Amino acid sequence: MRKFAIILLPLLLVSCGLPLKHAKSSNGTRQFTTSDSTFSKYVTKFETDAKARYGSDFSVGDIPINFGDTGNDGYDGVCISYSDGTKEIIIEKDWWEDRGETSREMMIYHELGHCRLDRDHDDETIETEDHKVVKMSLMNSILPGPNHYILYKDGYLEELFKKTKQTLDKLVSN
């Protein structure tokens with residue numbers, strides 16, 4: 001039993017001590033060249049929201065989104081960047097089928113945040129006056145709850161596209 005604990009302890013320290021990453025690099029090649037049509041409306045909405053903040057020439061570009069195996073049971077979505085410069089997003093179908101529209105939108109926005117906006121995770125939180133914890137970014141390692149996203153959506157989108165937490169801070173404080 002002691003030998004087992006000696007072997008297990010370093011594994012636990014490594015797996016728990018590393019930050020979660022939904023973006024990963026690969027020396028392989030993309031699995032898909034086009035997106036599953038399921039994701040079209042989310043990409044269109046992302047582009048519309050981005051254009052409102054970046055300008056009318058914003059486009060997601062060549063980043064296919066499809067259902068597949070993310071390669072890690074802990075990840076329901078992943079942005080993969082390949083050594084040839086291409087990218088793609090893979091979403092676990094079981095996760096997708098068990099979620100509502102708000103969660104689906106958040107997942108696509110989060111993964112496009114990695115793939116298109118080159119955003120890393122941002123796990124900053126703020127506590128409200130009534131002691132509720134609110135995630136300050138849609139790029140949090142764990143997506144905000146759908147109710148928080150709906151309540152603070154303007155702030156989440158400002159933070160995602162402009163990297164400013166001013167709007168979200170004001171919304172949470174009121």
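What counts as what
- Per chain, the residues get numbers from 1 upward, laid out in the order the sequence is written.
- In view of the model being predicted, local features appear only for residues whose pLDDT reaches at least 70, and side-chain atom pairs are presented and counted only at 80 or more, with totals across whole chains, interfaces and linings using the full set of residues.
- Just so you know, side-chain values use all the structure's heavy atoms and leave hydrogens and water out.
- Secondary structure elements follow DSSP: runs of H or I no shorter than four residues count as helices, runs of E no shorter than two count as strands, and numbering proceeds from the N terminus.
- Residue contacts follow a heavy-atom distance rule, with two residues in contact if any of their heavy atoms lie within 4.5 Å.
- In these tables, accessible area is a Shrake-Rupley quantity obtained with a 1.4 Å probe, and a residue counts as shielded only by the protein chains included in the view.
- Three labels apply to residues, based on accessible area from a 1.4 Å probe with only protein chains included: buried if under 20% of the type maximum, exposed if over 50%, partly exposed otherwise in between.
- Any two strands with at least two DSSP bridges between them are considered paired.
- Working definition of a nonpolar core: buried Ala, Val, Leu, Ile, Met, Phe, Trp, Tyr and Cys residues. They are joined through side-chain atoms within 4.5 Å.
- Lines fitted to the C-alpha atoms define the axes, with helices restricted to the stretch that makes contact. Angles between their N-to-C directions range from 0 to 180 degrees.
- We call two directions roughly parallel when the angle between them is under 35 degrees, roughly antiparallel when it is over 145, roughly perpendicular when it lies between 65 and 115, and oblique otherwise.
- Handedness of a crossing is defined here by the sense of rotation of the near helix relative to the far one, left-handed for an anticlockwise turn of less than a right angle and right-handed for a clockwise turn.
- Each residue gets one of three labels, nonpolar for Ala, Val, Leu, Ile, Met, Phe, Trp, Tyr, Cys and Pro, charged for Asp, Glu, Lys and Arg, and polar for the others, Gly among them.
- A side-chain nitrogen of Lys or Arg and a carboxyl oxygen of Asp or Glu constitute a salt bridge if their distance falls within 4 Å.

**Q** What's the story with the overall build of the chain in this structure? I'm lost.
**A** In terms of helices and strands, the chain carries seven helices and six strands. Start at the N end of the chain and walk to the C end: the helices and strands fall as α-β-α-β-β-β-α-α-β-β-α-α-α. If you take every contact in the chain between residues at least 6 apart in sequence, the share linking residues at least 24 apart comes to 60%. Carbon and sulfur atoms make up 52% of the accessible area of the chain, which amounts to about 10,000 Å² in all.

**Q** Honestly, the pairing of strand β4 (residues 87-91) in this entry has me stumped. Any pointers?
**A** Side-chain positions along a regular strand alternate between the two faces of the sheet. Of all five residues in β4, five are buried; the element is thus mostly enclosed. Here β4 shows two buried faces, one formed by Lys-87, Ile-89 and Ile-91 and the other by Glu-88 and Ile-90. Both strand β2 (residues 65-67) and β4 contribute to a ladder of three bridges, which runs parallel. Opposite Asn-66, over in β4, you have Ile-90 as the bridge partner. Of the pairings in the sheet, the one linking strand β3 (residues 77-82) to β4 comprises five bridges and is antiparallel in character.

**Q** Would you explain the nonpolar core in this entry?
**A** A general feature of soluble globular proteins is that nonpolar side chains tend to end up buried together. Counting 34 residues, the largest nonpolar core has Phe-46 and Ile-91 as the members making the most contacts within it. For this core, the elements supplying multiple residues, two or more each, are α2 (40-54), β2, β4, α3 (93-97), α4 (101-115), α6 (153-162) and α7 (166-173). Beyond its immediate sequence surroundings of up to four residues, Phe-46 is in contact with Phe-58, Val-60, Tyr-109, Leu-112, Arg-116, Leu-117, Leu-160 and Phe-161.

**Q** Any chance you could explain the packing of α6 against α7 here in plain terms?
**A** Between two packed helices, the angle of one axis relative to the other and the distance separating the axes together describe the packing. Contact geometry of α6 with α7 gives a least axis separation of 7 Å together with a crossing angle of 160 degrees. One way to sum up the angle between α6 and α7 is to call them roughly antiparallel. Between α6 and α7 lies a crossing whose hand is left-handed. Residues Asp-154, Gly-155, Tyr-156 and Glu-158 of α6 form the contact with α7, whose own contacting residues are Thr-167, Leu-168 and Leu-171. When grouped by side-chain class, the residues that make up the contact of α6 with α7 number three nonpolar, two polar and two charged.

**Q** What should I look at first to understand the pattern of salt bridges in this one?
**A** Two side chains that carry opposite charge are able to pair once their charged atoms sit near each other. Taken as a whole and assessed by the stated rule, the structure comprises twelve salt bridges. Glu-105 is paired through a salt bridge with Lys-153; the nearest N and O atoms lie 2.9 Å apart. Separated by 48 residues along the polypeptide, Glu-105 in helix α4 and Lys-153 in helix α6 bring together distant segments of the chain. Under the relative-accessibility criterion, Glu-105 is labelled buried at 8%. Relative accessible area serves as the criterion here: at 22%, Lys-153 is assigned to the partly exposed category. A single network of salt bridges, built from pairs that share partners, joins Lys-41, Glu-101 and Arg-104.

**Q** Explanation requested: the environment of Val-78 in the structure shown.
**A** Inspection of the secondary structure assignment puts Val-78 in strand β3. For Val-78, a relative accessible area of 0% corresponds to the buried category. Along the primary structure Val-78 and Cys-115 are separated by 37 residues, whereas in three dimensions their C-alpha atoms are 9.1 Å apart.

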